[in-house]
Amino acid sequence: MSEAAGRLVIVSGPSGVGKSTLVQRLLHEHPELAFSVSCTTRARRPGEVEGVHYRFVDRATFQEMAARGAFLEHAEYNGNGYGTPLEPIHAWVAQGRRVILEIEVQGARQLKDKQSALGLPMRFVFILPPSKEQLAARIQRRGTEDEAKRLSRLKIAERELEQAAWFDVRIVNENLEDAYAQLVCAVRGGGG
Ligand code: 5GP
């Protein structure tokens, strides 16, 4: 992926839609892409590595970072804080790199609203489930959380789906290979 200049590619969509699987494969197959490692206050899940999947921070640190403007965007999601550290982003874009942000929909909207003020080229990609029923089943199967958290993720997901319309590119994750090919195309600059 060498064409065109640096930019942010924001990959968003509801929890359980398969964003992480798609993004992990993208990073594995395209090591020239930069990945923005978010900060979060949520507990580390088994298999997650500090500094690779997230930077796990306590609430006080998160609030302090937010207060001093250390995040490009940040949002509360299902009782935890999530934020994109500002620090490496401008340098990566200036180097001509594509930077992948995997974030939820409120954070994507914040970036959309301040895109021109930030002066960073951005492309917004929304990953959709084939149906609401399939999304519910996926969140249920994931089983990393208790029932109440799963239900609230599902409620949030239903609201998030309503936001798909304003994104530059929408990808339905029905078949992983097809969805992946469309994501590669979107990162390259097509698909919208
Ligand atoms: P999870 O807890 O499942 O890892 O993530 C919950 C949601 O937060 C997912 O939709 C994920 O994409 C999103 N997320 C991860 N990092 C960030 C971030 O830096 N900012 C925002 N706004 N959302 C994030």
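In what follows, the accompanying structure is described. Model, not experiment: these values are computed from the prediction.

Enumeration over the complete set of coordinates arrives at eight aromatic pairs. Look at Trp166 and Phe167: their rings are 4.0 Å apart centre to centre, the planes differ by 25 degrees, and that puts the pair in the stacked class. For Trp166, a relative accessible area of 16% puts it in the buried group. Assessed through its relative accessible area of 3%, Phe167 is described here as buried. Positioned over the ring face of Tyr180 is Arg25, at 3.9 Å from the centre of the ring.

The subject of this paragraph is the site of the ligand. Near the ligand there are 16 residues, and of these Ser38, Arg42, Tyr54, Tyr82 and Glu104 occur at the shortest range. With respect to the ligand, the side chain of Glu104 contributes an N or O atom lying 2.6 Å from a nitrogen atom. Within the complex, 96% of the 510 Å² of free accessible area of the ligand lies under protein. Listing elements by their share of the shell around the ligand, those giving two or more residues are strand E5 (71–77) and strand E6 (80–85). Of the residues in the shell around the ligand, the class split is five nonpolar, four polar and seven charged.

Now for the environment of Val125. By secondary structure assignment, the location of Val125 is in strand E8 (residues 122–128). Owing to a relative accessible area of 0%, Val125 belongs among the buried residues under this scheme. Residues Val125 and Ala66 lie 59 residues apart in sequence; the distance between their C-alpha atoms is 25 Å.

Looking now at the pattern of salt bridges. The final tally for this structure, using the stated rule, is eight salt bridges. As a salt-bridge pair, Glu177 and Arg25 come within 3.2 Å of each other at their nearest N and O atoms. Of this pair, Glu177 sits in helix H8 (residues 176–188) while Arg25 is found in helix H1 (residues 19–29), placing the two residues 152 residues apart along the sequence. Between Arg150 and Glu147 there is a salt bridge, with its nearest N and O atoms 2.7 Å apart. Pair noted here: Arg150 and Glu147 are both in helix H7 (residues 147–161), with a separation of three residues, about one helical turn. What makes Glu147 partly exposed here is its relative accessible area of 39%.

Another aspect to go through is the nonpolar core. Core analysis: the biggest nonpolar cluster contains 46 residues, and Leu8, Ile10, Ile100 and Leu101 have the highest contact counts within it. With sequence-adjacent residues up to four places away left out, Leu101 is seen in contact with Leu8, Val9, Ile10, Val11, Ser36, Leu72, Thr84, Ile89 and Leu111.

Another aspect to go through is the layout of surface pockets. Within this model, the largest pocket holds a volume of roughly 690 Å³. In terms of lining residues, the largest pocket is bounded by 32 residues, among which Ser20, Arg42, Arg45, Tyr54 and Glu102 are the most central. Taken together, the elements giving at least two residues each to the lining of the largest pocket come down to H1, E5, E6, helix H6 (132–142) and H7. Considering every element that reaches the lining of the largest pocket, the biggest residue donor is H1, with four residues. Looking at the lining of the largest pocket residue by residue, the classes come out as eight nonpolar, 13 polar and 11 charged.

Another point: the side chain of Glu73. Mapped onto the elements, Glu73 comes out in strand E5. One polar contact links Glu73 to Thr84, side chain to side chain, over a distance of 2.5 Å. Glu73 has contacts with Tyr82, Gly83, Thr84, Ile103, Gly107, Gln110 and Leu111, leaving out every residue within four places of it along the chain.

Rules used in this analysis
Residue positions are given per chain, counting from 1 as you read along its sequence in written order. With pLDDT at 70 or above as the cut-off, local features in this predicted model cover only qualifying residues; side-chain atom pairs require 80 or more to be listed or tallied, and sums for whole chains, interfaces and linings still use all residues. Calculated side-chain values reflect all of the structure's heavy atoms, with hydrogen atoms and water omitted. Aromatic rings from Phe, Tyr and Trp, taking only the six-membered ring of Trp, are treated as a pair when their centres fall within 6.5 Å; an angle between ring planes under 30 degrees marks them as stacked, one over 60 as edge-to-face, and anything in between as tilted. To sort residues, take the accessible area from a 1.4 Å probe on protein chains only and compare it with the maximum for the residue type: under 20% means buried, over 50% means exposed, and anything in between is partly exposed. Counting as a charge over the ring demands two things of the Lys NZ or Arg CZ atom: a distance within 6 Å of the ring centre and an angle within 35 degrees of the ring normal. If a single non-hydrogen atom of a residue is within 4 Å of a molecule or strand, that residue counts as near it. Polar contacts, as counted here, are pairs of nitrogen or oxygen atoms within 3.5 Å of one another; within protein the pair requires one atom able to donate a hydrogen and one able to accept it, and residues that are adjacent in sequence qualify only if both atoms are side-chain atoms. Accessible areas in this description were obtained via Shrake-Rupley with a 1.4 Å probe; residue shielding takes into account the shown protein chains only. Numbering of helices and strands starts at the N terminus; helices are DSSP runs of H or I of at least 4 residues and strands are runs of E of at least 2. Three classes are used: nonpolar for Ala, Val, Leu, Ile, Met, Phe, Trp, Tyr, Cys and Pro, charged for Asp, Glu, Lys and Arg, and polar for all others, with Gly counted as polar. Salt bridges are counted wherever a side-chain nitrogen of Lys or Arg sits within 4 Å of a carboxyl oxygen of Asp or Glu. Residue types Ala, Val, Leu, Ile, Met, Phe, Trp, Tyr and Cys, when buried and joined through side-chain atoms within 4.5 Å, form a set referred to as a nonpolar core. Note on definitions: a residue-residue contact is assigned when non-hydrogen atoms from the two residues lie within 4.5 Å. Cavity and pocket criteria rest on a 1 Å grid covering protein atoms alone: a 1.4 Å probe that fits but cannot get out defines a cavity, protein on both sides within 12 Å along at least 5 of 7 lines defines an open pocket, and an atom within 4 Å of a point defines a lining residue. Grid points are joined across faces, edges and corners, and a volume is the space filled by probe spheres set on the points.

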